[in-house]
Amino acid sequence: MPYKFTCATKEALERTAAEVGVGIAVSDDISPLARPVTVRGVTAKNSLAVHPMEGFDGDGDGAPGELTHRRYERFASGGAGLFWFEATAVCREGRSSAHQLWINDGNVDEYKRTVEMMHSLSDGAPVICQLTHSGRFSKPDNVPEPLIAYHNPLLNERMTVDASRPVVTDDYLDALHDKYLHAAKLAKEAGFDGVDIKSCHRYLMSELLSAYTRDGKYGGSFENRTRLLREVVKDVADAFADDKFLVCTRMSVSDCIPYPYGFCTREDGSVDISEAIELLSILQKSGLSVLNVSMGTPYYNPHVNRPYDSGGYEPPEHPLAGVARMIDTAAEIKSAVPGLCVIGTGYSYLRGSAMYAAAGTLVSGKADMVGFGRMAFAYPDFARDMIAGEFDSKKTCLGCGKCVQLMRRITTAGCPVRDRIYTPIYMEACGGKENLF
Ligand SMILES: Cc1cc2nc3c(=O)[nH]c(=O)nc-3n(C[C@H](O)[C@H](O)[C@H](O)COP(=O)(O)O)c2cc1C
Ligand code: SF4
């Protein structure tokens, strides 16, 4: 790999960013990290969030398993102000594996236990449930059973989807409205503080946003491509209009897959977020109050989605360029959609310098909160230590991709580098095998 980034200090980050030719705001004053954020009466006690990350460790019926519980215990004890619970399927056929979480009538009490534990350990920090349908990445029995919105040669090839496979029907998509709404009601019953109608990373809802080539009422025009997301957000927001319950979305605000196969991406692959801004403004009017910004998809361009040093291919850009893209795009949305609470992504790669960049983002008003994904796997106490000024660069995520390799092996995912219980799991699943991304 040509890129190696070990910056632990603000100065080193500034120097490397200048060499790469990108600007990343930094601040020595880290006090903004401790700033509480209140949205519709729900308060995060500080401005740091844990991003959703699947552990593939649910029980067969979709309830959180033993390792799921352990992960959330570690996260909830770590001092972050808000927890974005991992992708949780709204129906069996939309699960990404036989161990993906799936909230249903039969297991809502198990979720209740997990959320109660998190509230108790975190002094009531809000927990948002990410509701999903895996679409073309569905593997409910651990073998691919893609449910695709339209044929996309770039992703078809990557995921070996047969060109003769039928796309999901409009009737199927119509029926999903009720499934999302029902899952949202179960999430409320379980004690979650809000739901995320997930629209990122090219799962079904996200794929529809770029369904330019699909016929019928869910394809073609902006109105059609955004129909399912708009209608589900409105249904859910209407159902909870009188409650202290947040309606959120985690959106890939650009897929970085060239038009006509990617949302908010020009034919030459460059980012144009005008449709994302238009869509988010509409969603906000319907009751959306929090946006967790993401970009790209881990299945096609993981260097965009989670900048890394070590992965399945050599990234075409310095990972700091990817970090800067995510920070700047979140900032563009924040200024274009005032009043929407914006949570930024892309900071784990920064390692020891992450807290200066997180503070820089908050000081310069580029996001309302800063979220961390892989950092939380590696260093679950990152938020407490950052806020206390005791952040330890020897405990950070290294961007080495081993957690992702575990995920691709459809086994339980965690950090085999920093969290020793995952080391034997990694050795068994991936030891000596090729590095998958
Ligand atoms: C093992 C693993 C599982 C993930 N699962 C999810 C998920 O369930 N939902 C989601 O929106 N993003 C998921 N992500 C993406 C992260 O939330 C995050 O966007 C990404 O890792 C970049 O942030 P970071 O640099 O802080 O890690 C996952 C990432 C990893 C490594
Ligand atoms: S395995 Fe651990 S150190 Fe490596 S990228 Fe994942 S969280 Fe970071």
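So, here's what we can say about the structure. Here, residues in each chain are numbered from 1, in the same order as that chain's written sequence. Here chains are named by letter from A upward and ligands by number from 1 upward, in the order in which they appear as written. Side-chain atom pairs in this predicted model are given and counted only at pLDDT of 80 or more, local residue features only at pLDDT of at least 70, and totals for whole chains, interfaces and linings cover all residues. Side-chain figures throughout are based on the complete set of non-hydrogen atoms in the structure, without hydrogens or water.

Elements are defined by DSSP. Helices are runs of H or I of four residues or more, strands are runs of E of two residues or more, and each kind is numbered from the N terminus. A count of helices and strands for the protein chain gives 16 helices and 11 strands. For 437 residues, the compact-globule estimate of 2.2 N^0.38 gives 22 Å, and the C-alpha radius of gyration of the protein chain, at 20 Å, lies within 12% of that figure. Its C-alpha atoms put the protein chain at 55 × 50 × 45 Å along the principal axes. Counting the 437 residues in the protein chain, one finds 61% classified as buried. In what follows, residue pairs with any heavy atoms lying within 4.5 Å of each other are defined as contacts. Contacts in the protein chain between residues at least 24 apart in sequence constitute 72% of all its contacts with a sequence separation of at least 6. Approximately 15500 Å² of the protein chain is accessible, and the part contributed by carbon and sulfur atoms is 49%. When charges are counted, neither His nor the chain ends are considered; positive counts come from Lys and Arg and negative counts from Asp and Glu. Each charge is placed at NZ for Lys, CZ for Arg, CG for Asp and CD for Glu. One finds the centroid of the 47 positive side-chain charges in the protein chain at a distance of 3 Å from the centroid of its 56 negative side-chain charges. Radius of gyration: over C-alpha atoms. The globule rule applied is 2.2 Å multiplied by the number of residues raised to the 0.38 power. Residue burial is assigned from relative accessible area. The probe radius is 1.4 Å, only protein chains are included, and a residue is buried under 20% of its type maximum, exposed over 50%, and partly exposed in between. All accessible-area figures derive from a Shrake-Rupley calculation using a 1.4 Å probe, and residue coverage is judged against the displayed protein chains alone.

What follows is about the site of ligand 1. Being near a molecule or strand, for a residue, means having at least one of its heavy atoms within 4 Å of it. Not every one of the 21 residues close to ligand 1 is listed here, only the nearest: Pro52, Gln130, Ser348, Gly373 and Arg374. The definition of a polar contact used here is a pair of N or O atoms within 3.5 Å, where within protein one atom must be able to donate a hydrogen and the other to accept one, and adjacent residues in sequence count solely through side-chain atom pairs. In the model, a nitrogen atom of ligand 1 is placed 2.7 Å from a nitrogen or oxygen of the Gln130 side chain. Side-chain polar atom of Arg250 to an oxygen atom of ligand 1: 2.9 Å apart, as the coordinates give it. Mapped by element, the contributors of at least two residues to the shell around ligand 1 are helix 13 (374-378) and helix 15 (402-408).

Here we come to the site of ligand 2. The environment of ligand 2 is formed by Arg374, Phe377, Cys397, Leu398, Gly399, Cys400, Gly401, Lys402, Cys403, Cys415 and Pro416. Counting residues per element, the ones that place at least two in the shell around ligand 2 are helix 13 and helix 15. Charged residues are taken to be Asp, Glu, Lys and Arg, nonpolar residues to be Ala, Val, Leu, Ile, Met, Phe, Trp, Tyr, Cys and Pro, and polar residues to be all remaining types, Gly included. In terms of residue class, the shell around ligand 2 is built from seven nonpolar, two polar and two charged.

Within the element layout of this structure, Arg306 appears in the loop between helix 10 (302-305) and helix 11 (319-336). Just to be clear on terms, a salt bridge is a Lys or Arg side-chain nitrogen sitting within 4 Å of an Asp or Glu carboxyl oxygen. Buried Arg306, no salt bridge; nearest opposite-charge side chain is Glu54, N-O distance 11 Å. Residues in contact with Arg306, not counting those within four places in the same chain, are Pro298, Arg374, Val404 and Arg408.

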